[in-house]
Amino acid sequence: MQPLDLTDTRLLQAMAKDPRRTVVALAQKLGLSRNTVQARMAQLEKKSVFLSFERRINTVSLGYPLTAFIHVHVQQQKLAAITRSIAAVPEVIEAFGVTGQADILVRVVAVDAEDLFRINGKILACDGVERCDTSLAMGELIPFRVEPLLARGPQPAS
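To start, this report covers the structure provided alongside it. Since the structure is predicted, the reported quantities are computational estimates derived from the model, not experimental observations.

**Re the sheet that holds strand β4 (residues 129-136)**
Working definition: the strands of a sheet are paired by backbone hydrogen bonds and lie parallel or antiparallel to each other.
Next, step 1: Ordered by their spatial adjacency, 4 strands build an open sheet running β2-β3-β1-β4, and the pairing between neighbours is antiparallel. The sheet is open, and its two edges are formed by β2 (92-97) and β4, each paired on a single side. Strand after strand, the sheet turns through a mean of 20° between neighbouring axes, direction not considered.
Next, step 2: The pairing of strand β1 (residues 66-74) with strand β3 (residues 104-110) spans 7 bridges and is antiparallel. Pairing of Ile70 across the sheet is with Val106, part of β3.

This is the structure:
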């Protein structure tokens, strides 16, 4: 991916502070033409800089106040099938392949402890899953953020 320049970074910072701001308002704020802002936003979208809107939806408002992280230990040769099976569980909101003791780190949401037990059982039932270690999130200390990176500015590609 082509690195972002200072104008892209300034545009993203302005959008991060007020995502509902119009193209015209962004142009005025940044001292750019409306066409420049529109073209830059189109290029950023083409580069897949923007994440999906669903990442901004609070799962608590959907009735899932509990968040947990499940470390899944798997048989490596079945990783692709296991990933598909885990993705079929609606309460799984993201998963990462990781290094260390476990193979997959799964973030899930649940209604309560009993629901979390059920979700954990679904993951354990996937063919090729050997075991799971579950950690309950007690509270979000640092919410998802990118603004400190934007403030730092574009970094040279290595």
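**So, the pattern of salt bridges**
Next, step 1: Tallied over the full model, the rule gives 10 salt bridges.
Next, step 2: Here Arg40 and Asp8 are joined by a salt bridge, their closest N and O atoms 2.8 Å apart. With a gap of 32 residues between them, Arg40 in helix α3 (residues 34-46) and Asp8 in helix α1 (residues 6-17) connect regions that are remote in the sequence.
Next, step 3: Glu91 is the partner of Arg118 in a salt bridge, and the nearest nitrogen-oxygen pair spans 2.7 Å. Residue Arg118 is found in helix α5 (residues 113-124), and its partner Glu91 is found in the loop between α4 (79-87) and β2; the two are separated by 27 residues along the sequence.

Cut-off values and rules
Residues numbered from 1 in each chain as written. Predicted model: local features only at pLDDT ≥ 70, side-chain atom pairs only at ≥ 80, totals over all residues. Heavy atoms only, no water. Pairing = 2+ DSSP bridges. Helix = DSSP H or I, 4+ residues; strand = E, 2+ residues; numbered from the N terminus. Axes fitted to C-alpha atoms, helices over the stretch in contact; angles between N-to-C directions. Salt bridge = Lys/Arg side-chain N within 4 Å of Asp/Glu carboxyl O.

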